Amino acid sequence: MPNPTAAMLVIGDEILSGRTRDSNMHHLARRLTDHGIRLTEARVVADDHPAIVAAVNELRARYDHVFTSGGIGPTHDDITAEAIAAAFGVAITHRADAMALLAAHYDRAGLPFNEARQRMARIPDGATLIENPVSTAPGFTLGNVHVMAGVPNIFEAMLAGVLPTLTGGAPLLSQSLRVNRGEGEIASDFAALAAEFPDLSMGSYPFNTNGVYGTNLVIRGTDPARIDAAMTRLAAMFP
């Protein structure tokens, strides 16, 4: 069976404006690779309700899993939960279990559990909560969509809770060879090797460091023996 597939949807004007640099996609890609789930697509959308709804519906129909980050906080522009509910055509309410978690958290902190903070307990009907061990406000899973915070340490903590519940495939492995030649020089031979090993993914990535240029050739797959065989052929081609 092929490995499950996934997409990521990053939500937030601050990402598109350049004010905030996204690190969650990099973390998600690494963790999914280890878990045997292929991250196949990533998108960034603004804090725009119709855009979020459209992206969620398109991605969840195409991939086994969709991971979102951003837009589940207490402010007016945190509209992800409402957009997910609209995408699935379900109601969204202040969930009793989420309300209890947040009320206890703010009580311990000696802070008022005001209307803005209660917004973080709005969960679409039918969703399962994702634990947030950092700041308590939960994410949630609805269908094949996993909705998580945008703050990196919270996103990472939520993902650590979600991944064990997902069935992955064989871990995705990779090996690389650094060649001090340009892509134009190695392209034909590298393409021929890729044709010999259609079950593997091969990519070339040029570099230019301190006046030294060349190409990193990377071979990826799930069968270590096949990767080893292809790497042996590759090393012989470009000694």
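Residues numbered from 1 in each chain as written. Predicted model: local features only at pLDDT ≥ 70, side-chain atom pairs only at ≥ 80, totals over all residues. Heavy atoms only, no water.

Going by an unreviewed UniProt entry, the protein carries the name Competence/damage-inducible protein A and comes from Paragemmobacter amnigenus.

> Would you take a moment to explain the overall build of the protein for this structure?
For the protein, the helix and strand inventory stands at nine helices and eleven strands. C-alpha atoms of the protein, sized along the principal axes, occupy 65 × 40 × 35 Å. A burial count over the protein gives 41% of its 239 residues as buried. Here the contacts in the protein between residues at least 6 apart in sequence split such that 68% fall between residues at least 24 apart. Only carbon and sulfur atoms are counted for the fraction: they give 53% of the accessible area of the protein, which is about 12000 Å². Computing the positive centroid from 18 side-chain charges and the negative centroid from 25, the protein places the two 3 Å apart. (Helix = DSSP H or I, 4+ residues; strand = E, 2+ residues; numbered from the N terminus. Buried < 20%, exposed > 50% of the residue type's maximum accessible area, 1.4 Å probe, protein only. Contact = heavy atoms within 4.5 Å. Areas by Shrake-Rupley, 256 points an atom, 1.4 Å probe, with all protein chains shown as cover. Lys, Arg positive; Asp, Glu negative; His and termini not counted. Charge placed at Lys NZ, Arg CZ, Asp CG, Glu CD.)

> I'm lost on the pattern of salt bridges in this one. Help?
Two side chains of opposite charge can pair, provided their charged atoms sit close to one another. For the coordinates displayed, the defined rule picks out eight salt bridges. One salt bridge in this structure joins aspartate 97 and arginine 95, with 2.9 Å as the shortest N-O distance. With relative accessibility at 34%, the residue aspartate 97 sits in the partly exposed group. Salt bridges linked by common partners bring Glu41, Arg43, Glu58 and Arg62 together as one network. (Salt bridge = Lys/Arg side-chain N within 4 Å of Asp/Glu carboxyl O.)

> Just checking my understanding: could you explain the nonpolar core for this structure?
A general trend in soluble globular proteins is that nonpolar side chains are found buried together. Counting residues in each nonpolar core, the largest one holds 49 residues, and the members touching the most others are Phe67, Phe140 and Met148. Setting aside anything within four residues of it in sequence, one finds phenylalanine 140 in contact with Ala81, Ile84, Ile123, Pro124, Ala127, Thr128, Leu129, Ile130, Val145, His146 and Val147. Counting 15 residues, the second-largest nonpolar core is a separate cluster that includes Leu177, Val179, Met202 and Ile227. (Core = buried A, V, L, I, M, F, W, Y, C linked by side-chain atoms within 4.5 Å.)

> When you look at the UniProt feature "domain: MoaB/Mog" (unreviewed entry) in the protein in this model, what are you seeing that I'm missing?
On the UniProt side, "domain: MoaB/Mog" (unreviewed entry) is annotated at positions that read residues 7-170 here. Between the C-alpha atoms that bound residues 7-170 the distance is 18 Å, and the span itself is 41% helix and 21% strand. (UniProt positions renumbered as here; feature names shortened; annotations may be inferred.)

> What exactly am I supposed to notice about the sheet that holds strand S11 (residues 212-221) here?
Strand-to-strand pairing in sheets goes through backbone hydrogen bonds, with the strands running parallel or antiparallel. Strand order in the open sheet formed by three strands is S9-S11-S10, with antiparallel pairing between adjacent strands. Both edges of this open sheet fall to strand S9 (173-179) and strand S10 (201-209), since each of them pairs with a single strand only. With direction set aside, neighbouring strand axes in the sheet form an average angle of 20°. Bridge analysis of S9 against S11 gives seven bridges, and the strand direction is antiparallel. Bridge pairing in S11 links arginine 178 to asparagine 216. Its contacts with the sheet place helix H8 (residues 183-196) against S9, S10 and S11, and it is angled at close to 165° to S10. Against the sheet, helix H9 (residues 224-237) touches S9, S10 and S11, its axis set at about 5° to S9. (Pairing = 2+ DSSP bridges. Axes fitted to C-alpha atoms, helices over the stretch in contact; angles between N-to-C directions.)

> Can you walk me through the packing of aromatic side chains in this structure?
A ring pair, where both rings are aromatic, is described by two values, the distance of the centres and the angle of the planes. This structure, assessed with the given rule, holds one aromatic pair. Both rings, one in tyrosine 106 and one in phenylalanine 113, keep their centres 5.9 Å apart while their planes meet at 15°; by these two values the pair is stacked. Among the residues examined, tyrosine 106 registers a relative accessible area of 10% and is labelled buried. Stacked on the ring of phenylalanine 88, the Lys or Arg arginine 60 has its end atom at 3.9 Å from the ring centre. (Phe/Tyr/Trp six-rings, centres within 6.5 Å; stacked < 30°, edge-to-face > 60°. Lys NZ or Arg CZ within 6 Å of the ring centre and 35° of its normal.)

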